[in-house]
Amino acid sequence: MRAFRASIIVLLVAARGAAAQAPSLAHARQLFDARSYDAARVELLALAQAAPFDAAPHLYLGRIAQTQGDAGEALRQLERCVALNERNASCHFFIGEVLGTSAARASKLRLPFLARRTKREFDRAVELDPDYLDARMGLIQYYLRAPGFLGGSVDKARVQATEITRRSALRGALASGAVAEHQQDLGAAEALFLAAIAAQPDSGVGYRVLAALYTRSRRYAEASATLGKLEERTRSREQ
């Protein structure tokens, strides 16, 4: 009987150890967030094999490939994600990002195809999730960069900025500021980036975007002062 109980204990311990070592999406995401991409890829590939109809591992495999500059693999994984779950807004958004990056260095023959598909993917992401602010920002960048015959439009960019503002004062000010800077209205852009800082003073993004505007405008002292304010804010929070 003692030998039997000992065997049961050994089996239970082994089972717990196997469970602790088994890959999980949550753990793979932790590795991804920590930028341990190689380790995350190993777990995600195992998850994709174990659950071939789950779109989530392919989303993160695609993002890893995108981060590492492998556009072909990123697109392959993200398209697999959409094939498994067409209503996954994140998959559509990241396909749009990959295609947009590819379009920036594409030939004149391929550019229209890539550009139109980029916009289509961002549109689908927003259609699936109207609160997906990154996708709306992707559309703004598209509208500001694309020529008119491919759908470029400052007015349409402003519409997206308004929609973002309805959902987030910080992100809306940043989006509207980007449109203003594109139009060379640097005074309005500066005011909007200051409004972004006021909306969330503990967020570093407004300070960094404003400092970048000052740098592009060769207002180096103001850029340095803005980053100094961010450092002071960070130190005060840590104390």
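How each quantity is defined
Residues numbered from 1 in each chain as written. Predicted model: local features only at pLDDT ≥ 70, side-chain atom pairs only at ≥ 80, totals over all residues. Heavy atoms only, no water. Salt bridge = Lys/Arg side-chain N within 4 Å of Asp/Glu carboxyl O. Helix = DSSP H or I, 4+ residues; strand = E, 2+ residues; numbered from the N terminus. Buried < 20%, exposed > 50% of the residue type's maximum accessible area, 1.4 Å probe, protein only. pLDDT = per-residue confidence, 0-100. Contact = heavy atoms within 4.5 Å. Expected span 1.5 Å × (residues − 1). Arc of directions from axis to C-beta. Polar contact = N/O pair within 3.5 Å; in protein donor to acceptor, adjacent residues only side chain to side chain. Axes fitted to C-alpha atoms, helices over the stretch in contact; angles between N-to-C directions. Parallel < 35°, antiparallel > 145°, perpendicular 65-115°, else oblique. Left-handed = near helix turned anticlockwise from the far one by under 90°. Nonpolar A, V, L, I, M, F, W, Y, C, P; charged D, E, K, R; others polar.

Caption draft 1: Main features of the pattern of salt bridges. Following the criterion strictly, the structure yields 16 salt bridges and no others. Where arginine 117 meets glutamate 79, a salt bridge forms, and the shortest distance between an N and an O atom there is 3.0 Å. Linking arginine 117 in helix α7 (residues 111–128) with glutamate 79 in helix α5 (residues 71–84), this pair joins segments that are 38 residues apart in sequence. By relative accessible area, which is 15% here, arginine 117 ends up buried. A salt bridge links glutamate 163 to arginine 166; the shortest N-O distance between them is 2.7 Å. With glutamate 163 and arginine 166 both in helix α9 (residues 154–167) and three residues apart, this pair spans about one turn of that helix. Take arginine 166: its relative accessible area is 61%, and that puts it in the exposed class.

Caption draft 2: A look at the confidence of the model for the chain. Summing up the model confidence of the chain, the mean pLDDT is 91 and the portion of residues at 70 or higher is 91%. Within the model, the stretch residues 6–20 combines pLDDT values under 50 with zero contacts to residues more than four positions away or in other chains.

Caption draft 3: Up close: α9. For α9, spanning 14 residues, the distance from its first C-alpha to its last is 20 Å, which sits close to the expected 20 Å at 1.5 Å a residue. All buried positions along α9 are accounted for by Ala157, Gln160, Ala161 and Ile164. All buried residues of α9 fall inside an arc of 105° around its axis, so they share one side. Opposite the buried face of α9, by more than 90 degrees, sit the exposed residues Asp155 and Arg166. On its buried side, α9 packs onto α8 (133–145) and α10 (169–182). For α9, the side-chain oxygen to backbone nitrogen distance between the N-cap and aspartate 155 is 3.4 Å, and the N-cap itself is serine 153.

Caption draft 4: The arrangement of the packing of helix α4 (residues 56–67) against α5 in detail. Direction vectors running N to C along α4 and α5 enclose 160°, while the axes themselves pass 7 Å from each other. As judged from the angle between their axes, α4 and α5 are roughly antiparallel. For the pair α4 and α5, the crossing hand works out as left-handed. On α5, the residues touching His58, Leu59, Leu61, Gly62, Ala65 and Gln66 of α4 are Glu73, Ala74, Gln77, Leu78, Arg80, Cys81 and Leu84. Residue composition of the contact of α4 with α5, grouped by class: seven nonpolar, four polar and two charged.

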